[in-house]
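Architecture and fold: a report
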Amino acid sequence: MSDAPQNPITQDVLTLPRKAEEGGRRNLVGLTREGLREALIAAGTPEKQARMRAGQVWQWIYQKGVRDFDAMTNLAKPYRALLVENFTIKVPEIVRRDVSSDGTRKYLLRIAGGHEVEAVYIPEESRGTLCVSSQVGCTLTCSFCHTGTQRLVRNLTAGEIVGQIMVARDDLGEWPLPGRNPKDEQRLLSNVVLMGMGEPLYNFENVRDAMKIAMDGEGISLSRRRITLSTSGVVPEIARTAAEIGCLLAVSFHATTDEVRDRLVPINKKWNIAALIEALRAYPKATNSERITFEYVMLKGINDSDEDAHRLIELIRGIPAKINLIPFNEWPGAPYERSSNNRIRAFADIVYKAGYASPVRTPRGEDIMAACGQLKSETERARKARRTAPAETPA
Ligand code: SAH
Ligand code: SF4
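Model, not experiment: these values are computed from the prediction.

**Comments concerning the side chain of Gln56**
- Along the chain, Gln56 turns up in helix 3 (residues 47–63).
- Note on Gln56: relative accessible area 17%, which makes it buried.
- With sequence-adjacent residues up to four places away left out, Gln56 is seen in contact with Asn74 and Leu75.

Written as structure tokens, this is what we have:
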């Protein structure tokens, strides 16, 4: 097995060319602090001032939510003009917003190139979680996942990833007033999960840069403990996640034998259960206070037996873990059914009695197709409908 990530399509092909931006003006959203400093120097900012200027612009963008250089009142007018000439502050555009009867908000967002991705905001009593996408589509083809039926179009840039958080804050009206810094648990958007469309570890650098921006204390300022990255099991990138992002980890586990996992999560053919478990055991961030989440989708008659529950416990023995049971969310044409509530309860019970928290995830936003694994952009749906329409017309 090779150590290098085996992304079938290289990042170079997928990453957006810089100059595809408005009239050659570069978007500042998504640049790291160092990247921002360098960009300001390239546009004519004297090197001696660059760090301070970058700090000021950073605070306007990420702490105050400002999108207009002219509103940056602590910068002299000629300097603001220089910024206007060279840069933009662009976030994805909301094309459509659906609000579920349970308060979940699904955003359909348009990004450069006319592509569309989805982000979902899930309000709960003690927190509000934004589920963020990392790719348009996914190269992987997990057989129970709606996104998996959409081929990969491209990786999102760091700006498009952190931009999802910024757009949601716009919509929630949550840019803090001057001098007010609400506690995490009082925020409307307090948590981020990388569980939307795409495999975040196949877009590592952009995801990392975006999360570093989201965690920066002079900006959006989310604690690393309030960010969870979910991977289908890209084993060589797991250690890097701890070292370079430091967020919590979730793993789409879903099966207890290689035979079944090969079918559900085909990346298992490259890195099987044993290899995955070994990488998780070594995850340095896994402690009792920062447990690894094992996501386990409950599919009727496929992976939901008592034997599966017992095998699961054996496999993860010794790993600080919690098991998140996800009732399968159906989508049109899905080849699986959701396990019954009784079955899910029996499974959860076995896991719980073995000493692991085993919460059952309540499906949210099902009425707007916003639940886990239901995301797939409208454009792609429409494109596919056009492609398949003639074949479906009865002769
Ligand atoms: N690509 C990453 C993150 C996105 S998927 C990953 O696979 O982990 C986020 C979670 O939703 C994963 O655990 C995934 O397995 C789960 N999921 C996908 N389709 C689902 C469906 N139809 N019903 C319930 N959960 C689903
Ligand atoms: Fe991709 Fe995750 Fe869906 Fe698998 S479950 S197809 S990795 S988005």
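Let us keep going from here.
**A word on the packing of aromatic side chains**
- Tallied over the entire structure, the rule returns four aromatic pairs.
- Ring centres of Phe253 and Phe294 lie 5.2 Å apart, and the angle between their planes is 75°; on these two criteria the pair is classed as edge-to-face. Residue Phe253 is located in the loop between strand 11 (248–252) and helix 8 (258–264), and its partner Phe294 is located in strand 12 (residues 292–298); the two are separated by 41 residues in the primary sequence.
- Given the relative accessible area of 0%, Phe253 is considered buried.
- Ring plane angle 85° and centroid distance 6.2 Å describe the contact between Phe328 and Tyr336, whose orientation is recorded as edge-to-face.

**A closer look at the site of ligand 1**
- The local shell around ligand 1 holds 21 residues, among which Phe144, Gly198, Ser230, Ser252 and His254 are the closest.
- In the model, an oxygen atom of ligand 1 is placed 2.6 Å from a nitrogen or oxygen of the Ser230 side chain.
- His254 has a polar side-chain atom sitting 2.6 Å from an oxygen atom of ligand 1.
- Relative to its unbound accessible surface of 530 Å², ligand 1 loses 95% to contact with the protein.
- At the level of elements, strand 10 (227–231), strand 12 and strand 13 (321–327) are the ones that each hand at least two residues to the shell around ligand 1.
- A class-by-class count of the residues in the shell around ligand 1 yields ten nonpolar, nine polar and two charged.

**Re the side chain of Gln164**
- Within the fold, Gln164 resides in helix 5 (residues 158–172).
- Taking the relative accessible area as the measure of exposure, Gln164 reaches 1% and is therefore buried.
- A distance of 2.9 Å separates a polar atom in the side chain of Gln164 from the backbone oxygen of Ser133.
- In this structure Gln164 touches Pro92, Leu109, Glu118, Ala119, Leu130, Val132, Ser133 and Leu156, once residues within four positions along its chain are discounted.

**Focus: the nonpolar core**
- Formed by 109 residues in total, the largest nonpolar core has its most connected members in Phe144, Met211 and Phe294.
- The dominant element in this core, judged by the number of residues it contributes, is helix 5, at eight residues.
- When sequence neighbours within four positions are dropped, the list of residues in contact with Phe294 reads Val251, Phe253, Ile277, Leu280, Ile316, Ile319, Ala321, Lys322, Ile323 and Asn324.
- Core analysis: the second largest hydrophobic core is formed by six residues, Ile122, Cys131, Val193 and Ala370 among them.

**Digging into the sheet that holds strand 4 (residues 105–110)**
- The strand order 3-4-5-6-9-10-11-12-13 describes an open sheet built from nine strands, whose pairing is mixed. Strands at the two margins of the open sheet, each flanked by one partner only, are strand 3 (93–99) and strand 13. Neighbouring strand axes in the sheet, compared pairwise and without regard to direction, differ in orientation by 20° on average.
- Taken together, the four bridges between strand 5 (residues 116–123) and strand 6 (residues 128–131) define a ladder with antiparallel strand orientation. Looking at strand 6, one finds that Ile122 is bridged to Thr129.
- Together, strand 12 and strand 13 form the strand contacts of helix 11 (residues 341–353), whose direction differs from that of strand 13 by roughly 180°.

**Focus: the packing of helix 5 against helix 6 (residues 204–215)**
- At a closest axis distance of 8 Å, the pairing of helix 5 and helix 6 adopts a crossing angle of 40°. Classified by the angle their axes make, helix 5 and helix 6 are oblique. In the crossing of helix 5 with helix 6, the sense of the turn from one axis to the other is right-handed. When helix 5 is examined against helix 6, the residues Ala158, Ile161, Val162 and Ile165 are found in contact with a partner set consisting of Asn206, Val207, Asp209, Ala210, Met211, Ile213 and Ala214.
- Among the residues making up the contact of helix 5 with helix 6, the classes are represented as nine nonpolar, one polar and one charged.

Rules behind the numbers
- Residues numbered from 1 in each chain as written.
- Chains lettered and ligands numbered in written order.
- Predicted model: local features only at pLDDT ≥ 70, side-chain atom pairs only at ≥ 80, totals over all residues.
- Heavy atoms only, no water.
- Helix = DSSP H or I, 4+ residues; strand = E, 2+ residues; numbered from the N terminus.
- Buried < 20%, exposed > 50% of the residue type's maximum accessible area, 1.4 Å probe, protein only.
- Contact = heavy atoms within 4.5 Å.
- Phe/Tyr/Trp six-rings, centres within 6.5 Å; stacked < 30°, edge-to-face > 60°.
- Near = heavy atom within 4 Å.
- Polar contact = N/O pair within 3.5 Å; in protein donor to acceptor, adjacent residues only side chain to side chain.
- Areas by Shrake-Rupley, 256 points an atom, 1.4 Å probe, with all protein chains shown as cover.
- Nonpolar A, V, L, I, M, F, W, Y, C, P; charged D, E, K, R; others polar.
- Core = buried A, V, L, I, M, F, W, Y, C linked by side-chain atoms within 4.5 Å.
- Pairing = 2+ DSSP bridges.
- Axes fitted to C-alpha atoms, helices over the stretch in contact; angles between N-to-C directions.
- Parallel < 35°, antiparallel > 145°, perpendicular 65-115°, else oblique.
- Left-handed = near helix turned anticlockwise from the far one by under 90°.

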